[in-house]
Amino acid sequence: MGANELSALLWRERELLELLVFKLEEEQLLLQGGKSRWLQHATREVEQVLNLVREAGLGRSVEVAALATQWGTAEDATLRELAANAPAGPWGEIFAAHLKAMGDLTSQIKELRDTNERFIRAAARSTQETMTTVSANPKTYDASGVTDAPVTAARIFDRNL
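Residues numbered from 1 in each chain as written. Predicted model: local features only at pLDDT ≥ 70, side-chain atom pairs only at ≥ 80, totals over all residues. Heavy atoms only, no water.

Under the annotation held in an unreviewed UniProt entry, the protein chain carries the name Flagellar protein FlgN and is attributed to Cryobacterium flavum.

Following this line, the structure appears as structure tokens:
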């Protein structure tokens, strides 16, 4: 593989990172709107995109190593090192632009992840607080308006007479 193929892989990885930003924003909107019904689906979609990003990252690592060998750089060179040691021509700038774009997307992803985590923690805390205020024996009102009367079959029967 050459520089063209690596650049194509980097474009694909950037598209996946943009999709991940979208999915995290979608998850955030559900959290903000209290739409917990769909949260499981959104979280699963985030995980699916994360798996695709991981696979793309592995492919990128293999291609960077192959191109580094072609260009006479260390086989374990990073993309940043590859861009810095690119032969004369446009590839150094192209790979540097990919790095910058991917870094920007990664920053957005981290910010969204942190924000979503705060929303989830707040929702969990709110749920716990609500659950602690729920009484084990709920009070009910009878026909005369008296509270604390236990609900029994006899009382229900008496009311219906």
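Still more ground to cover, so stick around.
Next up on the list: the layout of surface pockets. In this approach a probe as big as a water molecule rolls over the atoms, and the regions it shows empty are the leftover space. In this model, the largest pocket occupies a volume close to 360 Å³. Taken together, 19 residues line the largest pocket, and the ones lying closest to its centre are Leu20, Leu24, Leu50, Ile109 and Arg113. Among the elements of the structure, α1 (3–33), α2 (39–70) and α4 (91–133) are those that each provide at least two residues to the lining of the largest pocket. Examining the composition of the lining of the largest pocket, we find that ten residues originate from one element, α4, more than from any other. A breakdown of the residues in the lining of the largest pocket according to their chemical character gives ten nonpolar, three polar and six charged. (1 Å grid on protein atoms, 1.4 Å probe; cavity = no way out; pocket = protein on both sides within 12 Å on 5 of 7 lines; lining within 4 Å. Points joined across faces, edges and corners; volume = space filled by probe spheres on them. Helix = DSSP H or I, 4+ residues; strand = E, 2+ residues; numbered from the N terminus. Nonpolar A, V, L, I, M, F, W, Y, C, P; charged D, E, K, R; others polar.)

If you look at the biggest cluster of nonpolar residues, it comprises 25 residues, and the most contacted ones within it are Leu6, Leu79, Leu82 and Phe95. Those elements that place two or more of their residues in this core are α1, α2, α3 (79–84) and α4. Of all the elements, α1 adds the most residues to this core, at eight residues. Beyond its immediate stretch of four places on either side in the chain, leucine 82 contacts Leu6, Val64, Leu67, Ala68, Trp71, Thr73 and Phe95. (Core = buried A, V, L, I, M, F, W, Y, C linked by side-chain atoms within 4.5 Å. Buried < 20%, exposed > 50% of the residue type's maximum accessible area, 1.4 Å probe, protein only. Contact = heavy atoms within 4.5 Å.)

Applying the stated criterion across every chain, the model contains two aromatic pairs. Between tryptophan 71 and phenylalanine 95 the ring centres are 6.1 Å apart and the planes differ by 40°, which places this aromatic pair in the tilted class. In this pair, tryptophan 71 is assigned in the loop between α2 and α3 and phenylalanine 95 in helix α4, connecting sequence segments 24 residues apart. Under the relative-accessibility criterion, phenylalanine 95 is labelled buried at 0%. Feature note: the residues Trp71, Trp91 and Phe95 constitute an aromatic cluster, connected by ring pairs. Looking at arginine 14, its charged tip hangs above the ring of tryptophan 11, at a distance of 4.1 Å from the centre. (Phe/Tyr/Trp six-rings, centres within 6.5 Å; stacked < 30°, edge-to-face > 60°. Lys NZ or Arg CZ within 6 Å of the ring centre and 35° of its normal.)

As a further point, take α1. If you check α1, its first and last C-alpha atoms are 45 Å apart, about what 31 residues at 1.5 Å a residue would give, namely 45 Å. Positive phi appears at glycine 34, one or two residues downstream of α1, with a value of about 70°. (Expected span 1.5 Å × (residues − 1).)

Let us now look at the packing of α1 against α4. As a packed pair, α1 and α4 sit with axes 9 Å apart at the nearest point and diverge in direction by 20°. By the angle class used here, α1 and α4 are roughly parallel. Taken as a pair, α1 and α4 cross one another with a handedness that is left-handed. In terms of residue class, the contact of α1 with α4 is built from 20 nonpolar, eight polar and five charged. (Axes fitted to C-alpha atoms, helices over the stretch in contact; angles between N-to-C directions. Parallel < 35°, antiparallel > 145°, perpendicular 65-115°, else oblique. Left-handed = near helix turned anticlockwise from the far one by under 90°.)

With that settled, the discussion passes to the side chain of glutamate 27. Structurally, glutamate 27 can be placed in helix α1. An unpaired buried charge is present at glutamate 27: no salt bridge exists, and arginine 113, the closest side chain of opposite charge, is 9.6 Å distant. Each residue touching glutamate 27, except ones within four places of it in the same chain, is listed here: Leu39, Ala42, Thr43, Val46 and Asn116. (Lys, Arg positive; Asp, Glu negative; His and termini not counted. Salt bridge = Lys/Arg side-chain N within 4 Å of Asp/Glu carboxyl O.)

Here we come to the pattern of salt bridges. Scanning all chains against the criterion turns up six salt bridges. Through salt bridges with shared partners, one network takes in Lys23, Glu26 and Glu45.

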